[in-house]
Amino acid sequence: QVQLVESGGGLVQAGGSLRLSCATDGRAFSRLAMGWFRQAPGKEREFVAAITSSGDNTHYADFVKGRFTISRDNAKNTVYLQMSTLKPEDTAVYYCSGDPVITTRRELVDYWGPGTQVTVSS
């Protein structure tokens, strides 16, 4: 059993930055690839970024490359999403994900956090 809890969401102006965190009290964190997905109103949940269990490999959606950075600290059982140069279209609920194998497909994710709202104003 793995429970994920996101934090760090909020309201930010366009061009600003936010850092999301996802913490778990599960014992298997270091064995899981972790990721971030987001879902805007009226849209499907979409892949944002992912990182392997070791942190040695990352994947990003094209629309966030160069702006967002995913990282993890296995000693703290925490994965981060540093978001910079935020745009209004980044507004969404951001969900933390966990899976034994890194994936960009939402239907393959084994574990989800409850989500945290990110709102970017213009």
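Check the entry above for the structure.
First, a word on scope: everything that follows refers to the structure included in this document. (Residues numbered from 1 in each chain as written. Predicted model: local features only at pLDDT ≥ 70, side-chain atom pairs only at ≥ 80, totals over all residues. Heavy atoms only, no water.)

**Considerations on the nonpolar core**
Met34, Trp36, Val79, Leu81, Met83 and Tyr94 are the most contacted members of the largest nonpolar core, which totals 31 residues. Setting aside anything within four residues of it in sequence, one finds Tyr94 in contact with Glu6, Leu20, Trp36, Phe37, Arg38, Val48, Phe68, Leu81, Met83, Gly115, Thr116 and Val118. (Core = buried A, V, L, I, M, F, W, Y, C linked by side-chain atoms within 4.5 Å. Buried < 20%, exposed > 50% of the residue type's maximum accessible area, 1.4 Å probe, protein only. Contact = heavy atoms within 4.5 Å.)

**Considering the packing of aromatic side chains**
In the structure shown here, the tally under the stated rule is three aromatic pairs. The interplanar angle of 75° and the centroid separation of 5.1 Å between the aromatic rings of Phe37 and Trp112 together place this pair among those described as edge-to-face. Of the two residues, Phe37 is situated in strand 4 (residues 33-39) and Trp112 in strand 10 (residues 111-112); the sequence distance between them amounts to 75 residues. Phe37 gets classed as buried once you look at its relative accessible area, which sits at 1%. The exposure class assigned to Trp112 is partly exposed, which follows from its relative accessible area of 29%. Judged by centre distance (6.3 Å) and plane angle (85°), the rings of Tyr95 and Trp112 are edge-to-face. Taken together, the residues Tyr95 in strand 9 (residues 92-99) and Trp112 in strand 10 connect sequence positions 17 residues apart. Of the residues examined, Tyr95 reaches a relative accessible area of 14% and is grouped as buried. We note Arg45 situated over the ring of Tyr95; from NZ or CZ to the ring centre the distance is 3.6 Å. (Phe/Tyr/Trp six-rings, centres within 6.5 Å; stacked < 30°, edge-to-face > 60°. Helix = DSSP H or I, 4+ residues; strand = E, 2+ residues; numbered from the N terminus. Lys NZ or Arg CZ within 6 Å of the ring centre and 35° of its normal.)

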